[in-house]
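# Observations on chain architecture
Listed below, chain by chain, are the residues.
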Amino acid sequence: MVDGMDVAHEMVLWKVEPQCSIAEADDFERLSRLLDRPRVKIERKLSFDERSLSELSVTGNLRPVDSYDSMCSPGAGRSALDTPVSLARNSFEPHPMVGEAWDALRRSIVFFRGQPVGTIAAIDHASEEVLNYDQVFVRDFVPSAMAFLMNGEPDIVKNFLLKTLHLQSWEKRIDRFKLGEGVMPASFKVNHDPVRKTDTLMADFGESAIGRVAPVDSGFWWIILLRAYTKSTGDLSLAETPECQKGIRLILSLCLSEGFDTFPTLLCADGCSMIDRRMGVYGYPIEIQALFFMALRCALAMLKPDVEGKEFMERILTRLNALGYHMRSYFWLDFQQLNDIYRYKTEEYSHTAVNKFNVIPDSIPDWIFDFMPSRGGYFVGNVSPAKMDFRWFALGNCIAILSSLATPEQSVAIMDLIEERWEELVGIMPLKISYPALEGHEWNIVTGCDPKNTRWSYHNGGSWPVLLWLLTAACIKTGRPQIARRAIELAESRLWKDGWPEYYDGKLGRYIGKQARKFQTWSIAGYLVSKMMLEDPSHLGMISLEEEKVKKPPIRRSASWTA
Ligand code: GLC
């Protein structure tokens, strides 16, 4: 339940804060000029941005919450009407695909005991095998949820958050092994019994998934979505319930526990996220590290500073500080950094080592020397001992921009790279999930001869329309909406005509994916979210976090330890 006193206290505290920083004010200027929109609208929404973490004391009364008192989005409070708010608000003719997409998205809604609880992964009547595409996937629901929130329909999102939270409390076993309490499902399915007229739930925590990998990303997406819901509706009561607070803490316990780690990054098995098959993304994949960073920041904004909450807040701050430093220093690659690695010495011992992970320059793949532009950079796929995966992954880089894991300079450089390498990364269908593809012997070894992940297909260099919404959000955040417009136009030329495929194949993304589902829900929702964000960039606040100076955690060990 909401503690009335607490809320009132926060509101007062919030009101004495300045509306926005100078840097932000410059941003609105730039953004409003670029978007050619009246400034007033953007300004009102941007003032809802997070309170600065640096002003917060974990031990004091202040809490790093969003400005809940003024968070209602323009569409909030609407019932599930058929006309999307975005259509009604427009004075110009919307693209015909928008209406089609809304119809398709609504058809994908899954009900549990009469309540909408999520959207099915794909409704492809033509496909012979259903596999698990008839389920509600946590990660797939995120763009659907964003579309509903932006359209003022938060109920389905709230129901989804509560249903998945309930599933988290199930006992999870694979053979004789019990999974961690905080693990969130990859997907769930509602079984309707027409005779008994009952609905039952079935969840998959990785035990049924191909390869039996637990979805590390699900918990992170759940936290990110809870913040988006809170930010969009202003309904602070959901995140504040003891159940949600516990859910957050359980997820965090899984990834903040101490072990043998020497890095602040999170060690993972292959295929534990959107790329859910063996693709050489084990170790410290960028997708998970970026989502981890973002989820930590979102959790920090939502945890109540009670005894348990405070302890987690401290652990989060400590980890954010270390994780941010590690990622920005060691995962970052641009022309200069590549040149440095190329000239690295190896076998350096002790803390004076420059080549900290002992990367052998001969292991740098040939393609990167041509691919790396003079202007631009990105977070590489993975960094572990003597092993750097130089591949470019779209999701991790976009999330790095949105969570401000990337510094403002790095964010600009990522966008520069996308522009400079447009043909390779966008081609004719946005956006390549990874670049480049693994081929020949390397494909053999890394994917284990996976016939679904052949070169330039599926996760191995395929193009995924769902990624358009993350690209659009990153473009808006970096003040480059024209890049998003170009990408959306490309999607509009084919997506609907091709029946909203899951992915495209080929170097340029010209072919509908070999085994791609049609009417893939997140391709549909991703398009809608992109359109709505471009129309009204204030929606960006739901998925974006401003740069923060994270407070230095107290040093616990004696200084002599490192001396
Ligand atoms: C595939 C994708 C995965 C997605 C699922 C449902 O397994 O690799 O990311 O969640 O399909 O669409």
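An account of the accompanying structure is given in this report.

Criteria and thresholds
Residues numbered from 1 in each chain as written. Predicted model: local features only at pLDDT ≥ 70, side-chain atom pairs only at ≥ 80, totals over all residues. Heavy atoms only, no water. Helix = DSSP H or I, 4+ residues; strand = E, 2+ residues; numbered from the N terminus. Buried < 20%, exposed > 50% of the residue type's maximum accessible area, 1.4 Å probe, protein only. Contact = heavy atoms within 4.5 Å. Areas by Shrake-Rupley, 256 points an atom, 1.4 Å probe, with all protein chains shown as cover. Phe/Tyr/Trp six-rings, centres within 6.5 Å; stacked < 30°, edge-to-face > 60°. Lys NZ or Arg CZ within 6 Å of the ring centre and 35° of its normal. Pairing = 2+ DSSP bridges. Core = buried A, V, L, I, M, F, W, Y, C linked by side-chain atoms within 4.5 Å. Expected span 1.5 Å × (residues − 1). Salt bridge = Lys/Arg side-chain N within 4 Å of Asp/Glu carboxyl O. Polar contact = N/O pair within 3.5 Å; in protein donor to acceptor, adjacent residues only side chain to side chain. Near = heavy atom within 4 Å. 1 Å grid on protein atoms, 1.4 Å probe; cavity = no way out; pocket = protein on both sides within 12 Å on 5 of 7 lines; lining within 4 Å. Sits in = over half its atoms within 2 Å of the grid points. Nonpolar A, V, L, I, M, F, W, Y, C, P; charged D, E, K, R; others polar. Points joined across faces, edges and corners; volume = space filled by probe spheres on them. Axes fitted to C-alpha atoms, helices over the stretch in contact; angles between N-to-C directions. Parallel < 35°, antiparallel > 145°, perpendicular 65-115°, else oblique. Left-handed = near helix turned anticlockwise from the far one by under 90°.

### A short note on the overall build of the protein chain
Helix and strand content of the protein chain: 21 helices and 15 strands. Per-residue burial for the protein chain yields a buried fraction of 59% across its 563 residues. By sequence separation, contacts in the protein chain at least 24 residues apart represent 72% of the contacts at least 6 residues apart. Carbon and sulfur atoms make up 55% of the accessible area of the protein chain, which amounts to about 24300 Å² in all.

### Describing the packing of aromatic side chains
Enumeration according to the criterion identifies 20 aromatic pairs in this entry. Taken together, the ring pairs connect Phe 263, Tyr 284, Tyr 325, Tyr 330 and Phe 357 into an aromatic cluster. Against the face of Tyr 458 rests Lys 452, its NZ or CZ located 4.4 Å from the ring centre. A cation over an aromatic ring shows up here: Arg 486 above the ring of Trp 422, its NZ or CZ 4.0 Å from the ring centre.

### Quick look at the pairing of strand S6 (residues 187–193)
Pairing geometry for strand S3 (residues 136–137) and S6, over 2 bridges, is antiparallel. Each residue of the ladder has a partner; that of Val 136, found in S6, is Phe 188. In terms of strand pairing, S6 meets strand S7 (residues 198–204) through 7 bridges, oriented antiparallel. Each residue of the ladder has a partner; that of His 192, found in S7, is Asp 199. Hairpin connection between S6 and S7: a loop of 4 residues separates the two successive antiparallel strands, and Lys 197 in this loop has a positive phi of roughly 55°.

### Notes on the sheet that holds S7
In sheet architecture, strand pairing relies on hydrogen bonds along the backbone and comes in two forms, parallel and antiparallel. Overall, antiparallel pairing links the 3 strands, which are arranged S3-S6-S7 in an open sheet. With partners counted over all chains shown, the strands left at the sheet margins are S3 and S7, one partner each.

### Quick notes on the nonpolar core
Where a protein is soluble and globular, its nonpolar side chains tend to be buried together. Ranked by size, the top nonpolar core spans 169 residues in total, and within it Met 146, Trp 222, Ile 223, Leu 252, Tyr 378 and Leu 467 carry the most contacts. Per element, the largest residue contribution to this core is 13 residues, and it comes from helix H11 (residues 286–302). With near-sequence residues (within four places) excluded, Ile 223 lies in contact with Ile 248, Ile 251, Leu 252, Ala 295, Cys 298, Ala 299 and Met 302.

### Focus: helix H16 (residues 408–420)
An ideal rise of 1.5 Å per residue puts 18 Å on 13 residues; H16 measures up with 18 Å between its terminal C-alpha atoms. Regarding H16, the residues found buried are Gln 410, Ser 411, Ala 413, Ile 414, Met 415, Asp 416, Leu 417 and Ile 418.

### Brief notes about the pattern of salt bridges
Pairs can form between side chains of opposite charge whenever their charged atoms are close. Under the defined criterion, the tally for this structure stands at 17 salt bridges. The salt bridge involving Arg 391 is made with Asp 389; its shortest N-O contact spans 2.7 Å. The exposure classification of Arg 391 matches that of Asp 389, with both residues buried. The salt bridge partner of Asp 498 is Arg 494, with a shortest N-O separation of 2.9 Å. What makes Asp 498 buried here is its relative accessible area of 10%.

### Describing the side chain of Arg 480
Tracing the backbone shows Arg 480 in the loop between helix H19 (468–477) and helix H20 (481–494). A distance of 2.7 Å separates the side chain of Arg 480 from the side chain of Asp 416, its partner in a polar contact. There is a polar contact of 2.9 Å between the side chain of Arg 480 and the side chain of Glu 419. When residues no more than four places from it in sequence are discounted, the contact partners of Arg 480 are Arg 375, Val 412, Met 415, Asp 416, Glu 419 and Cys 475.

### Description of the site of the ligand
For the ligand, the full set of nearby residues is Ala 121, Tyr 133, Phe 137, Arg 139, Asp 140, Met 274, Asp 276, Tyr 458, His 459, Glu 502, Gln 520 and Trp 522. In the model, an oxygen atom of the ligand is placed 2.9 Å from a nitrogen or oxygen of the Arg 139 side chain. Separating an oxygen atom of the ligand from a side-chain N or O atom of Asp 276 is a distance of 2.7 Å. Within the complex, 96% of the 300 Å² of free accessible area of the ligand lies under protein. Of the pockets mapped on this structure, the ligand occupies the largest cavity. Taken together, the residues that form the shell around the ligand break down as 6 nonpolar, 2 polar and 4 charged.

### Comments concerning empty space enclosed by the protein
Scanning all chains against the criterion turns up 8 cavities of 30 Å³ or more. Within this model, the largest cavity holds a volume of roughly 360 Å³. Asn 132, Phe 137, Arg 139, Asp 276 and Tyr 458 are the residues nearest the centre of the largest cavity, which is lined by 24 residues in total. Residue composition of the lining of the largest cavity, grouped by class: 13 nonpolar, 4 polar and 7 charged.

### Thoughts on the environment of Met 313
By the element assignment, Met 313 lies in helix H12 (residues 307–331). We classify Met 313 as buried; its relative accessible area is 1%. Separated by 64 residues in sequence, Met 313 and Arg 249 place their C-alpha atoms 9.9 Å apart.

### What to know about the packing of H19 against helix H21 (residues 521–535)
Their axes nearest at 7 Å, the elements H19 and H21 cross at an angle of 20°. Between H19 and H21, the angle is such that the two are roughly parallel. The element H19 and its partner H21 pack so that their crossing is left-handed. Residues Leu 468, Trp 469, Thr 472, Ala 473 and Ile 476 of H19 pack against Gly 526, Tyr 527, Val 529, Ser 530, Met 533 and Leu 534 of H21. Residues that form the contact of H19 with H21 fall into these classes: 8 nonpolar, 3 polar and no charged.

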